[in-house]
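Here's the letter readout for the chains.
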Amino acid sequence: MDHLACLTPADLQAKPAPDLSAYRWRLLAQGDSWFSFTAAQMNAHANLLEELVFRDKALAVNCAGQSNALSHMVDLESAPEFVRLLSADDVPAWDGILLSVGGNDLVKAAQTPAHLPGGEPVALHLRLLRRQTEWGPPSAGVARYFSEPGWATYADYLSANLRHLLSLRDQGRSAGKPVFMHSYAVPMPRPAGAEDASGPWLYPALKAYAIPAADWAAVSRLMVYHLAQLLKRLAADQQLYPGLHVFDSTAVPLALAAPGSSGNSGDWFNEIHLNHSGCFKIARAWSEHIEGVLNGNTGGKKKA
(Lines give C-alpha, C1' and ligand atoms only; values in the text may rest on other atoms or scores of the structure.)
Protein backbone atom coordinates (compact mmCIF):
# COMPACT_ATOMS: atom_id res chain seq x y z
CA MET A 1 0.00 0.00 0.00
CA ASP A 2 1.36 3.42 -1.01
CA HIS A 3 0.43 6.76 0.48
CA LEU A 4 -1.31 9.20 -1.84
CA ALA A 5 1.29 11.52 -3.38
CA CYS A 6 0.18 15.15 -3.07
CA LEU A 7 1.12 18.03 -5.35
CA THR A 8 -0.06 21.63 -5.57
CA PRO A 9 -1.31 23.30 -8.76
CA ALA A 10 1.99 25.20 -8.87
CA ASP A 11 3.90 21.89 -9.02
CA LEU A 12 2.26 21.16 -12.37
CA GLN A 13 4.00 24.25 -13.79
CA ALA A 14 7.48 23.15 -12.68
CA LYS A 15 10.27 22.54 -15.19
CA PRO A 16 10.49 19.66 -15.78
CA ALA A 17 6.80 18.93 -15.15
CA PRO A 18 6.00 15.96 -12.91
CA ASP A 19 5.44 12.66 -14.72
CA LEU A 20 1.78 11.93 -14.04
CA SER A 21 1.95 8.79 -16.18
CA ALA A 22 3.87 7.12 -13.35
CA TYR A 23 0.63 6.91 -11.37
CA ARG A 24 -2.26 4.52 -11.85
CA TRP A 25 -4.76 6.98 -10.39
CA ARG A 26 -4.58 10.73 -10.97
CA LEU A 27 -6.95 12.71 -8.75
CA LEU A 28 -7.91 16.34 -8.27
CA ALA A 29 -8.64 17.50 -4.71
CA GLN A 30 -10.41 20.55 -3.33
CA GLY A 31 -11.80 21.24 0.07
CA ASP A 32 -11.93 22.93 3.40
CA SER A 33 -9.57 22.81 6.35
CA TRP A 34 -9.63 18.98 6.51
CA PHE A 35 -7.62 19.04 3.27
CA SER A 36 -5.60 22.19 3.94
CA PHE A 37 -1.83 22.17 4.37
CA THR A 38 -1.49 24.58 7.30
CA ALA A 39 1.93 24.41 8.93
CA ALA A 40 0.45 23.32 12.27
CA GLN A 41 -1.56 20.47 10.76
CA MET A 42 1.34 19.28 8.64
CA ASN A 43 3.69 19.34 11.64
CA ALA A 44 1.15 17.19 13.49
CA HIS A 45 0.69 14.87 10.47
CA ALA A 46 -2.98 15.83 10.61
CA ASN A 47 -4.03 16.03 6.97
CA LEU A 48 -6.67 13.60 5.74
CA LEU A 49 -5.29 13.46 2.18
CA GLU A 50 -1.81 12.47 3.30
CA GLU A 51 -3.19 9.43 5.14
CA LEU A 52 -4.97 7.97 2.11
CA VAL A 53 -3.32 4.75 0.90
CA PHE A 54 -3.81 2.73 -2.28
CA ARG A 55 -2.72 -0.62 -3.68
CA ASP A 56 -1.88 1.10 -6.96
CA LYS A 57 0.17 4.30 -7.09
CA ALA A 58 -2.05 7.37 -6.78
CA LEU A 59 -1.46 11.11 -6.97
CA ALA A 60 -3.64 14.07 -6.07
CA VAL A 61 -3.24 17.71 -7.06
CA ASN A 62 -4.60 19.50 -3.99
CA CYS A 63 -6.13 22.94 -4.47
CA ALA A 64 -7.25 23.32 -0.84
CA GLY A 65 -4.52 25.77 0.17
CA GLN A 66 -3.22 26.57 3.63
CA SER A 67 -6.10 28.09 5.56
CA ASN A 68 -8.22 27.06 8.52
CA ALA A 69 -10.70 29.83 7.70
CA LEU A 70 -14.34 28.89 7.44
CA SER A 71 -15.37 29.61 3.87
CA HIS A 72 -18.24 28.84 1.55
CA MET A 73 -17.75 25.45 -0.09
CA VAL A 74 -17.87 26.63 -3.66
CA ASP A 75 -16.52 30.13 -3.47
CA LEU A 76 -15.18 29.39 -6.93
CA GLU A 77 -14.02 32.95 -7.56
CA SER A 78 -11.36 32.36 -4.91
CA ALA A 79 -10.45 28.93 -6.34
CA PRO A 80 -9.63 29.67 -10.00
CA GLU A 81 -6.97 26.96 -10.20
CA PHE A 82 -9.43 24.30 -9.09
CA VAL A 83 -12.03 25.47 -11.60
CA ARG A 84 -9.45 25.48 -14.39
CA LEU A 85 -8.06 22.06 -13.51
CA LEU A 86 -11.60 20.68 -13.26
CA SER A 87 -13.17 22.08 -16.40
CA ALA A 88 -10.54 23.26 -18.92
CA ASP A 89 -9.57 21.36 -22.05
CA ASP A 90 -5.79 21.70 -21.62
CA VAL A 91 -5.44 19.95 -18.25
CA PRO A 92 -4.96 16.30 -17.31
CA ALA A 93 -7.94 13.97 -17.46
CA TRP A 94 -8.53 13.10 -13.82
CA ASP A 95 -9.60 9.62 -12.71
CA GLY A 96 -11.60 11.11 -9.86
CA ILE A 97 -12.23 14.20 -7.75
CA LEU A 98 -11.71 14.27 -3.97
CA LEU A 99 -13.84 16.77 -2.06
CA SER A 100 -13.94 17.82 1.57
CA VAL A 101 -16.82 20.30 1.55
CA GLY A 102 -19.87 21.14 3.61
CA GLY A 103 -18.40 20.78 7.10
CA ASN A 104 -16.95 24.24 7.43
CA ASP A 105 -20.18 25.65 6.03
CA LEU A 106 -22.13 23.71 8.64
CA VAL A 107 -20.00 25.20 11.42
CA LYS A 108 -20.33 28.67 9.91
CA ALA A 109 -24.11 28.26 9.81
CA ALA A 110 -24.10 27.21 13.48
CA GLN A 111 -22.15 30.39 14.28
CA THR A 112 -24.86 32.64 12.82
CA PRO A 113 -26.00 34.81 15.75
CA ALA A 114 -29.57 35.25 16.87
CA HIS A 115 -29.32 39.03 16.40
CA LEU A 116 -27.51 41.40 14.07
CA PRO A 117 -25.05 43.93 15.57
CA GLY A 118 -27.81 46.53 15.56
CA GLY A 119 -30.11 44.29 17.60
CA GLU A 120 -32.38 43.17 14.78
CA PRO A 121 -33.34 39.47 15.05
CA VAL A 122 -32.00 37.03 12.45
CA ALA A 123 -34.82 35.03 10.87
CA LEU A 124 -35.08 31.40 11.94
CA HIS A 125 -34.57 30.13 8.38
CA LEU A 126 -31.14 31.83 8.30
CA ARG A 127 -29.63 30.11 11.34
CA LEU A 128 -29.20 26.57 12.66
CA LEU A 129 -29.84 27.25 16.34
CA ARG A 130 -32.90 28.56 18.19
CA ARG A 131 -33.04 31.32 20.79
CA GLN A 132 -34.07 30.21 24.26
CA THR A 133 -37.58 31.61 23.74
CA GLU A 134 -37.89 29.44 20.60
CA TRP A 135 -36.86 26.11 22.13
CA GLY A 136 -39.24 23.23 21.65
CA PRO A 137 -40.55 20.98 24.44
CA PRO A 138 -38.06 18.93 26.49
CA SER A 139 -39.63 15.79 25.01
CA ALA A 140 -37.99 16.72 21.68
CA GLY A 141 -34.53 16.15 23.15
CA VAL A 142 -31.71 18.21 21.68
CA ALA A 143 -33.75 18.72 18.51
CA ARG A 144 -35.55 21.42 20.52
CA TYR A 145 -32.52 23.67 19.99
CA PHE A 146 -32.25 23.00 16.24
CA SER A 147 -33.74 25.17 13.50
CA GLU A 148 -35.30 22.91 10.88
CA PRO A 149 -36.09 25.96 8.66
CA GLY A 150 -32.43 26.96 8.91
CA TRP A 151 -31.38 23.41 8.05
CA ALA A 152 -33.61 23.49 4.95
CA THR A 153 -31.83 26.67 3.82
CA TYR A 154 -28.43 25.08 4.35
CA ALA A 155 -29.44 21.84 2.60
CA ASP A 156 -30.74 23.75 -0.43
CA TYR A 157 -27.48 25.72 -0.59
CA LEU A 158 -25.29 22.64 -0.38
CA SER A 159 -27.37 20.65 -2.87
CA ALA A 160 -27.41 23.42 -5.47
CA ASN A 161 -23.68 24.03 -5.20
CA LEU A 162 -22.85 20.35 -5.56
CA ARG A 163 -24.95 20.20 -8.71
CA HIS A 164 -23.01 23.21 -10.02
CA LEU A 165 -19.69 21.57 -9.20
CA LEU A 166 -20.71 18.39 -11.02
CA SER A 167 -21.72 20.47 -14.04
CA LEU A 168 -18.24 22.01 -14.08
CA ARG A 169 -16.72 18.52 -14.01
CA ASP A 170 -18.81 17.55 -17.01
CA GLN A 171 -17.57 20.54 -19.02
CA GLY A 172 -13.98 19.25 -19.03
CA ARG A 173 -11.90 16.21 -19.82
CA SER A 174 -13.00 14.44 -16.63
CA ALA A 175 -16.69 14.40 -17.53
CA GLY A 176 -18.52 11.65 -15.68
CA LYS A 177 -15.58 10.70 -13.48
CA PRO A 178 -16.38 9.83 -9.85
CA VAL A 179 -16.51 12.56 -7.22
CA PHE A 180 -15.65 11.35 -3.71
CA MET A 181 -16.84 13.00 -0.53
CA HIS A 182 -16.65 12.07 3.15
CA SER A 183 -19.21 13.06 5.78
CA TYR A 184 -16.86 14.31 8.53
CA ALA A 185 -16.99 13.17 12.17
CA VAL A 186 -18.68 14.42 15.33
CA PRO A 187 -16.55 16.96 17.23
CA MET A 188 -16.80 17.74 20.93
CA PRO A 189 -17.59 21.44 21.41
CA ARG A 190 -14.75 22.73 23.59
CA PRO A 191 -12.38 25.71 23.97
CA ALA A 192 -9.75 24.34 21.58
CA GLY A 193 -8.80 26.71 18.77
CA ALA A 194 -6.11 26.47 16.10
CA GLU A 195 -2.55 27.76 16.42
CA ASP A 196 -3.34 30.56 13.96
CA ALA A 197 -5.77 31.97 16.57
CA SER A 198 -8.86 30.84 14.65
CA GLY A 199 -11.52 29.05 16.64
CA PRO A 200 -12.88 27.62 18.77
CA TRP A 201 -15.91 27.42 16.54
CA LEU A 202 -18.89 25.56 18.01
CA TYR A 203 -18.08 26.23 21.68
CA PRO A 204 -18.78 29.99 21.63
CA ALA A 205 -21.83 29.56 19.41
CA LEU A 206 -23.50 27.08 21.77
CA LYS A 207 -22.66 29.29 24.75
CA ALA A 208 -24.14 32.33 22.99
CA TYR A 209 -27.42 30.46 22.48
CA ALA A 210 -27.44 29.41 26.17
CA ILE A 211 -27.63 25.72 25.26
CA PRO A 212 -26.83 23.66 28.38
CA ALA A 213 -23.29 22.29 28.35
CA ALA A 214 -24.62 18.81 29.10
CA ASP A 215 -26.28 18.83 25.66
CA TRP A 216 -23.39 20.20 23.58
CA ALA A 217 -22.05 16.83 22.43
CA ALA A 218 -25.54 15.68 21.38
CA VAL A 219 -26.23 18.92 19.49
CA SER A 220 -22.94 18.51 17.63
CA ARG A 221 -23.88 14.91 16.80
CA LEU A 222 -27.31 15.96 15.54
CA MET A 223 -25.86 18.54 13.15
CA VAL A 224 -23.14 16.27 11.73
CA TYR A 225 -25.57 13.36 11.31
CA HIS A 226 -27.96 15.65 9.45
CA LEU A 227 -25.10 16.48 7.07
CA ALA A 228 -24.14 12.83 6.60
CA GLN A 229 -27.73 11.81 5.84
CA LEU A 230 -28.11 14.69 3.38
CA LEU A 231 -24.94 13.79 1.49
CA LYS A 232 -25.93 10.13 1.30
CA ARG A 233 -29.36 11.06 -0.07
CA LEU A 234 -27.76 13.21 -2.75
CA ALA A 235 -25.36 10.43 -3.75
CA ALA A 236 -28.30 8.02 -4.03
CA ASP A 237 -29.88 10.31 -6.63
CA GLN A 238 -27.63 9.52 -9.57
CA GLN A 239 -29.90 11.35 -11.98
CA LEU A 240 -29.31 14.75 -10.34
CA TYR A 241 -25.88 13.93 -8.84
CA PRO A 242 -24.22 11.58 -11.36
CA GLY A 243 -20.97 10.05 -10.22
CA LEU A 244 -21.20 11.35 -6.63
CA HIS A 245 -19.93 8.87 -4.05
CA VAL A 246 -20.23 9.60 -0.33
CA PHE A 247 -18.32 7.67 2.31
CA ASP A 248 -20.04 7.70 5.71
CA SER A 249 -17.07 8.67 7.84
CA THR A 250 -19.36 9.20 10.85
CA ALA A 251 -19.48 5.39 11.10
CA VAL A 252 -15.70 5.17 11.73
CA PRO A 253 -15.13 4.79 15.50
CA LEU A 254 -13.14 7.74 16.83
CA ALA A 255 -12.02 8.73 20.32
CA LEU A 256 -13.92 11.85 21.39
CA ALA A 257 -11.99 14.75 22.83
CA ALA A 258 -12.41 15.30 26.55
CA PRO A 259 -15.11 17.88 27.35
CA GLY A 260 -13.55 21.18 28.38
CA SER A 261 -10.09 20.29 27.05
CA SER A 262 -8.22 23.03 25.21
CA GLY A 263 -5.74 21.14 23.07
CA ASN A 264 -4.99 17.85 21.37
CA SER A 265 -7.34 15.23 22.85
CA GLY A 266 -8.65 11.85 21.73
CA ASP A 267 -8.54 11.73 17.93
CA TRP A 268 -8.85 15.53 17.66
CA PHE A 269 -6.12 18.14 17.06
CA ASN A 270 -8.43 20.98 18.07
CA GLU A 271 -12.19 21.43 18.30
CA ILE A 272 -13.07 20.61 14.67
CA HIS A 273 -9.88 19.16 13.13
CA LEU A 274 -8.61 15.61 13.48
CA ASN A 275 -5.13 14.76 14.70
CA HIS A 276 -2.92 12.12 13.12
CA SER A 277 -4.70 9.14 14.67
CA GLY A 278 -8.10 10.50 13.65
CA CYS A 279 -6.97 11.13 10.08
CA PHE A 280 -5.41 7.66 9.97
CA LYS A 281 -8.63 5.93 11.03
CA ILE A 282 -10.92 7.72 8.58
CA ALA A 283 -8.45 7.77 5.70
CA ARG A 284 -7.77 4.03 5.79
CA ALA A 285 -11.46 3.23 5.55
CA TRP A 286 -12.14 5.92 2.93
CA SER A 287 -9.19 4.73 0.83
CA GLU A 288 -10.77 1.29 0.44
CA HIS A 289 -14.03 2.88 -0.66
CA ILE A 290 -12.32 5.16 -3.19
CA GLU A 291 -10.14 2.46 -4.72
CA GLY A 292 -13.09 0.11 -4.97
CA VAL A 293 -15.04 2.65 -7.02
CA LEU A 294 -12.01 3.43 -9.19
CA ASN A 295 -11.70 -0.28 -9.91
CA GLY A 296 -15.29 -0.40 -11.11
CA ASN A 297 -17.27 -1.41 -8.04
CA THR A 298 -19.80 1.29 -7.17
CA GLY A 299 -20.22 -0.26 -3.75
CA GLY A 300 -16.73 0.96 -2.93
CA LYS A 301 -14.95 -2.39 -2.49
CA LYS A 302 -12.44 -3.82 -4.87
CA LYS A 303 -13.58 -6.68 -7.07
CA ALA A 304 -11.96 -10.01 -6.38
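Located above this text is the structure these notes cover.
Heads up: these notes are all about the structure in this document. Quick caveat, the model's predicted, so the values are computed rather than measured.

Thresholds, definitions, all that
- Residues numbered from 1 in each chain as written.
- Predicted model: local features only at pLDDT ≥ 70, side-chain atom pairs only at ≥ 80, totals over all residues.
- Heavy atoms only, no water.
- Pairing = 2+ DSSP bridges.
- Helix = DSSP H or I, 4+ residues; strand = E, 2+ residues; numbered from the N terminus.
- Axes fitted to C-alpha atoms, helices over the stretch in contact; angles between N-to-C directions.
- Buried < 20%, exposed > 50% of the residue type's maximum accessible area, 1.4 Å probe, protein only.
- Polar contact = N/O pair within 3.5 Å; in protein donor to acceptor, adjacent residues only side chain to side chain.
- Contact = heavy atoms within 4.5 Å.
- 1 Å grid on protein atoms, 1.4 Å probe; cavity = no way out; pocket = protein on both sides within 12 Å on 5 of 7 lines; lining within 4 Å.
- Points joined across faces, edges and corners; volume = space filled by probe spheres on them.
- Nonpolar A, V, L, I, M, F, W, Y, C, P; charged D, E, K, R; others polar.
- Phe/Tyr/Trp six-rings, centres within 6.5 Å; stacked < 30°, edge-to-face > 60°.
- Lys NZ or Arg CZ within 6 Å of the ring centre and 35° of its normal.

**Some details on the sheet that holds strand 2 (residues 5-7)**
Read from one edge of the open sheet, six strands run 2-5-3-6-7-8, paired in parallel fashion. Only two strands of the sheet have a single partner each, and these edge strands are strand 2 and strand 8 (244-247). Pairs of neighbouring strands in the sheet enclose a mean axial angle of 25°, with direction left out of account. Looking at chain direction, strand 2 and strand 5 (residues 58-62) are connected through three bridges and run parallel. Each bridged residue has a counterpart across the sheet, and for Cys6 the counterpart in strand 5 is Ala60.

**Some points on the side chain of Thr250**
Secondary-structure assignment places Thr250 in the loop between strand 8 and helix 7 (276-294). The class of Thr250 is buried, set by a relative accessible area of 18%. Of note is the side chain of Thr250, whose polar atom sits 2.4 Å from the side chain of Asp248. Contact partners of Thr250, with chain neighbours within four places excluded, come to Ser183, Tyr184, Val224, Tyr225 and Ala228.

**Quick word on empty space enclosed by the protein**
Any empty space left between the atoms is revealed when a probe the size of a water molecule rolls over them. The tally for this structure, following the rule as stated, stands at two cavities of 30 Å³ or more. Estimated volume of the largest cavity: approximately 180 Å³. By residue number, the principal contributor to the lining of the largest cavity is helix 3 (residues 103-110), which donates five residues. Grouping the amino acids of the lining of the largest cavity by side-chain chemistry returns 13 nonpolar, three polar and no charged.

**Quick look at the packing of aromatic side chains**
This structure, assessed with the given rule, holds eight aromatic pairs. Aromatic pair Phe146 and Trp151: ring centres 6.2 Å apart, planes at 40°, arrangement tilted. Given a relative accessible area of 2%, Phe146 falls into the buried group. We classify Trp151 as buried; its relative accessible area is 7%. With 6.4 Å between their ring centres and 50° between their planes, Tyr154 and Tyr157 make a pair best called tilted. Residue Tyr154 and its partner Tyr157 are located together in helix 4 (residues 148-169), separated by three residues, close to a single helical turn. Taken together through their ring pairs, the aromatic side chains of Phe146, Trp151, Tyr154 and Tyr157 make up a single cluster. Just above the ring of Trp25 sits the side chain of Arg24; from NZ or CZ to the centre is 3.7 Å. The positively charged end of Lys57 is found above the aromatic ring belonging to Tyr23, 4.9 Å away from the centroid.

**Focus: the environment of Pro149**
In this fold, Pro149 is placed in helix 4. On the basis of relative accessible area, Pro149 is assigned to the partly exposed category, the value being 35%. Each C-alpha atom, one on Pro149 and one on Leu126, is 7.7 Å from the other, the two residues being 23 residues apart in sequence. Contacts of Pro149, omitting those with residues within four sequence positions, involve Leu124, His125 and Arg130.

**What about the pairing of strand 8?**
Looking along a regular strand, one sees side chains alternate from face to face of the sheet. Residues of strand 8 alternate between two faces, with Leu244 and Val246 on one and His245 and Phe247 on the opposite face, all of them buried. The pairing of strand 7 (residues 179-182) with strand 8 spans four bridges and is parallel. For Val179, the partnering residue across the bridge sits in strand 8 and is Leu244.

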